[in-house]
Amino acid sequence: MAEYRDLYAETRKAGADVAVVATDPPKSSAGLRQQLSLPFPILCDSQRAIVKAWGVFNAAEKGGIAIPAVFVVDRAGLVRFASVDSMTARISAKDILAYLRAGMPDSTINPPRTNLKLQPANLYRVVCNLIKSGFRSARE
Amino acid sequence: MDAISADLKVGDRAPNFSVQDSDGVSRMLTDLIASEPRIFIFYRGHW
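Computed from a prediction, not measured in an experiment: that's the story for all the values here.

S.K.: I'm lost on the overall build of chain B in this one. Help?
M.R.: Looking only at helices and strands, chain B features one helix and three strands. Tracing chain B from N to C terminus, the helices and strands come up as β-β-α-β. Approximately 2600 Å² of chain B is accessible, and the part contributed by carbon and sulfur atoms is 49%.

Below is the structure:
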């Protein structure tokens, strides 16, 4: 969150805004927001309505908490980027900023940073690109 | 490490919501994305 705070001005320049979703009681979130001087809102999802609807509800821990995740939602309400992470593989704010600056191209559910090697979809794309470039150079 | 697959995927419509923010201000998805795309960071919680 501090990373998103530090890159907030650049994120705004790239044409996007930020919000945190937390299942904590509103008081905890207010304290956290103040403590970290966050320039963006913390949405209080104490009812777990958002985490459930968005498929990032972890029922197994602490009475139900959010699975760490990052989504980019465009003005039409469509998910343009989704990264749902294990504890150790959260997508960085820098990666998100780079994505915004690239004009929000289509992304995969799991960003390259987490597990490029293991993603059949990514492997497929790499192979397709290889084939395409092979065709191109063969023709020239 | 295992990445957990979300129900909500790229290209899906994000379900609307109406909650309060930490200042007690009512926030709806439709308002939050009205003028610009928005990054939503889901936070595990304070331990």
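S.K.: Can you walk me through the interface of chain A and chain B in this structure?
M.R.: Often, the extent of an interface is quoted as the loss of accessible area upon association of its parts. Counting residues at the interface gives 65 residues for chain A and 38 residues for chain B. Summed over both sides, the interface of chain A with chain B buries roughly 4800 Å², with 64% coming from carbon and sulfur. At the boundary of chain A with chain B, the tally comes to three salt bridges. Asp17 of chain A serves as the salt-bridge partner of Arg38 of chain B, at 3.6 Å between the closest nitrogen and oxygen. Looking at the side of chain A that touches chain B residue by residue, the classes come out as 41 nonpolar, twelve polar and twelve charged. Where strand β5 (residues 69-73) of chain A meets strand β3 (residues 38-43) of chain B, five bridges bridge the pair, whose relative direction is antiparallel. Across the sheet, the residue bridging to Val73 of chain A is Arg38 of chain B, located in β3 of chain B.

S.K.: Honestly, the sheet that holds strand β6 (residues 79-84) of chain A in this entry has me stumped. Any pointers?
M.R.: Taking strand neighbours across the sheet as the criterion, the seven strands line up as β6(A)-β5(A)-β3(B)-β1(A)-β2(A)-β1(B)-β2(B) in an open arrangement whose pairing is mixed. Each of the sheet's edge strands pairs with one partner strand only, and the pair in question is β6 of chain A together with β2 (26-28) of chain B. Direction aside, the axes of adjacent strands within the sheet are offset by 30° on average. The sheet strands contacting helix α3 (residues 26-35) of chain A are β1 (17-22) and β2 (42-44) of chain A together with β3 of chain B, and the helix crosses β2 of chain A at an angle near 175°.

S.K.: What is the right way to look at the packing of aromatic side chains in this model?
M.R.: The way to describe two aromatic rings as a pair is by their centre distance and the angle between their planes. Per the counting criterion, the structure on display carries eight aromatic pairs over all chains. Summarising the aromatic geometry, the rings of Phe81 of chain A and Tyr99 of chain A are spaced 4.9 Å apart at their centres and angled 50° between planes, so their arrangement reads as tilted. Here Tyr99 of chain A lies in helix α5 (residues 93-101) and Phe81 of chain A lies in strand β6, a separation of 18 residues in the sequence. The pair formed by Phe81 of chain A and Tyr99 of chain A is uniform in burial state, with each residue classed as buried. By the ring-pair criterion, three or more aromatic residues cluster together here, those being Trp54 and Phe71 of chain A together with Phe17, Phe40 and Phe42 of chain B.

S.K.: I tried to follow the confidence of the model for chain B on my own but got confused; where do I start?
M.R.: When pLDDT drops low, the exact placement of atoms in the prediction is not to be read closely. Residues and elements named next belong to chain B. Averaged over all residues, the pLDDT of chain B equals 86, while 83% of them reach at least 70. Within chain B, helix α1 (residues 29-32) carries the highest mean pLDDT (98), whereas β3 carries the lowest (94). The model gives residues 1-6 a pLDDT under 50, and that stretch makes 14 contacts with residues more than four places away or in other chains.

S.K.: Please explain unusual backbone geometry as it appears in this structure.
M.R.: Peptide bonds are trans in most cases, and residues, glycine excluded, mostly fall at negative phi. All names here are of chain A. At Ser37, a position not held by glycine, the phi torsion is positive, near 50°. Assignment of secondary structure puts Ser37 in the loop between α3 and β2. If you check the backbone angles, Met104 has positive phi at about 50° while not being a glycine. Of note, Met104 is situated in the loop between α5 and α6 (112-115). When its relative accessible area of 10% is taken as the criterion, Met104 is described as buried.

S.K.: Could you clarify how one ought to interpret the confidence of the model for chain A in this entry?
M.R.: Residues and elements named next belong to chain A. Across chain A, the average pLDDT comes to 80, with 72% of residues at 70 or higher. Mean pLDDT per element in chain A: α6 is the minimum at 43, and β2 is the maximum at 97. Of the regions scoring below 50 in pLDDT, residues 109-118 engages in 25 contacts with residues more than four places distant in sequence or in other chains.

S.K.: Would you mind showing me how to read the pairing of β3 of chain B here?
M.R.: Here is the key point about a regular strand: its side chains alternate between the two faces of the sheet. Of all six residues in β3 of chain B, six are buried, a share of seventy percent or more. Where burial is concerned, the two faces of β3 of chain B agree: the one with Arg38, Phe40 and Phe42 of chain B and the one with Ile39, Ile41 and Tyr43 of chain B are both buried. Alignment of β1 of chain A against β3 of chain B, held across six bridges, turns out to be parallel. Within β3 of chain B, the position partnered with Val21 of chain A by the bridge is Phe42 of chain B.

Reading the values: the criteria
- Residues numbered from 1 in each chain as written.
- Chains lettered and ligands numbered in written order.
- Predicted model: local features only at pLDDT ≥ 70, side-chain atom pairs only at ≥ 80, totals over all residues.
- Heavy atoms only, no water.
- Helix = DSSP H or I, 4+ residues; strand = E, 2+ residues; numbered from the N terminus.
- Areas by Shrake-Rupley, 256 points an atom, 1.4 Å probe, with all protein chains shown as cover.
- Contact = heavy atoms within 4.5 Å.
- Buried area = accessible area lost by both parts, 1.4 Å probe.
- Salt bridge = Lys/Arg side-chain N within 4 Å of Asp/Glu carboxyl O.
- Nonpolar A, V, L, I, M, F, W, Y, C, P; charged D, E, K, R; others polar.
- Pairing = 2+ DSSP bridges.
- Axes fitted to C-alpha atoms, helices over the stretch in contact; angles between N-to-C directions.
- Phe/Tyr/Trp six-rings, centres within 6.5 Å; stacked < 30°, edge-to-face > 60°.
- Buried < 20%, exposed > 50% of the residue type's maximum accessible area, 1.4 Å probe, protein only.
- pLDDT = per-residue confidence, 0-100.

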